[in-house]
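# Summary of structural features
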Amino acid sequence: LFDEAAMVNEPFLDLIASLVAGAGGVDESSAKPGLALKRGPIKKPNRALQKLVRLYGRDVAMLTDLVRCSVVAEDLRQVELLMAALDARAVVGLAGGTSK
């Protein structure tokens, strides 16, 4: 799992960064307020093992957050813009969305 996480980490973060930028977001290093991506590290193996045992009954299929990030919005309008950008790129649409 960690090899796969390492392979998809940068492409995933780049995809989310492009969605944030498409929704009018700012670069994460910018001091300017606005929609911003906060890149997270790949979850550490010890923490993943703790979650597997404590929360998921050792079911590896439940561990879905090895690759992660956060998107910070200043207001709900920014959230709407990001969700619209996500919906526009989705293969499977959001509930009530217009995607194919």
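Our structure's up above, just so we're on the same page.
Let me begin by describing the structure that accompanies this report.

## Description of the packing of helix H1 (residues 2-22) against helix H3 (residues 76-89)
Axis angle and axis distance: for two packed helices, these are the angle between their axes and the distance between the axes, and together they describe the pair. The N-to-C vectors of H1 and H3 enclose an angle of 125 degrees; their axes lie 8 Å apart at closest approach. Classified by the angle their axes make, H1 and H3 are oblique. Classified by chirality, the crossing of H3 by H1 is right-handed. Of the residues in H3, those touching H1 at Leu 15, Ser 18, Leu 19 and Val 20 are Leu 82, Ala 85, Leu 86 and Arg 89. Classifying every residue of the contact of H1 with H3 by side-chain character gives 6 nonpolar, 1 polar and 1 charged.

## Comments concerning the pattern of salt bridges
This structure, assessed with the given rule, holds 5 salt bridges. A salt bridge links Lys 43 to Asp 65, with the nearest nitrogen and oxygen atoms 3.4 Å apart. You can see Lys 43 sitting in the loop between strand E1 (36-39) and helix H2 (45-54) and its partner Asp 65 sitting in the loop between H2 and strand E2 (69-72), a full 22 residues away along the chain. Judged by relative accessible area, which is 5%, Lys 43 ranks as buried. For Asp 65, the salt bridge goes to Lys 51, with nearest N and O atoms at 2.8 Å. You can see Asp 65 sitting in the loop between H2 and E2 and its partner Lys 51 sitting in helix H2, a full 14 residues away along the chain. When its relative accessible area of 9% is taken as the criterion, Lys 51 is described as buried. One network of salt bridges, in which partners are shared, links Glu 10, Asp 14 and Arg 39.

## Here we look at the side chain of Lys 51
A distance of 2.8 Å separates the side chain of Lys 51 from the side chain of Asp 65, its partner in a polar contact. Once residues lying within four places of it in the same chain are set aside, the contact partners of Lys 51 are Lys 43, Tyr 56 and Asp 65.

The rules behind the values
Residues numbered from 1 in each chain as written. Predicted model: local features only at pLDDT ≥ 70, side-chain atom pairs only at ≥ 80, totals over all residues. Heavy atoms only, no water. Axes fitted to C-alpha atoms, helices over the stretch in contact; angles between N-to-C directions. Helix = DSSP H or I, 4+ residues; strand = E, 2+ residues; numbered from the N terminus. Parallel < 35°, antiparallel > 145°, perpendicular 65-115°, else oblique. Left-handed = near helix turned anticlockwise from the far one by under 90°. Contact = heavy atoms within 4.5 Å. Nonpolar A, V, L, I, M, F, W, Y, C, P; charged D, E, K, R; others polar. Salt bridge = Lys/Arg side-chain N within 4 Å of Asp/Glu carboxyl O. Buried < 20%, exposed > 50% of the residue type's maximum accessible area, 1.4 Å probe, protein only. Polar contact = N/O pair within 3.5 Å; in protein donor to acceptor, adjacent residues only side chain to side chain.

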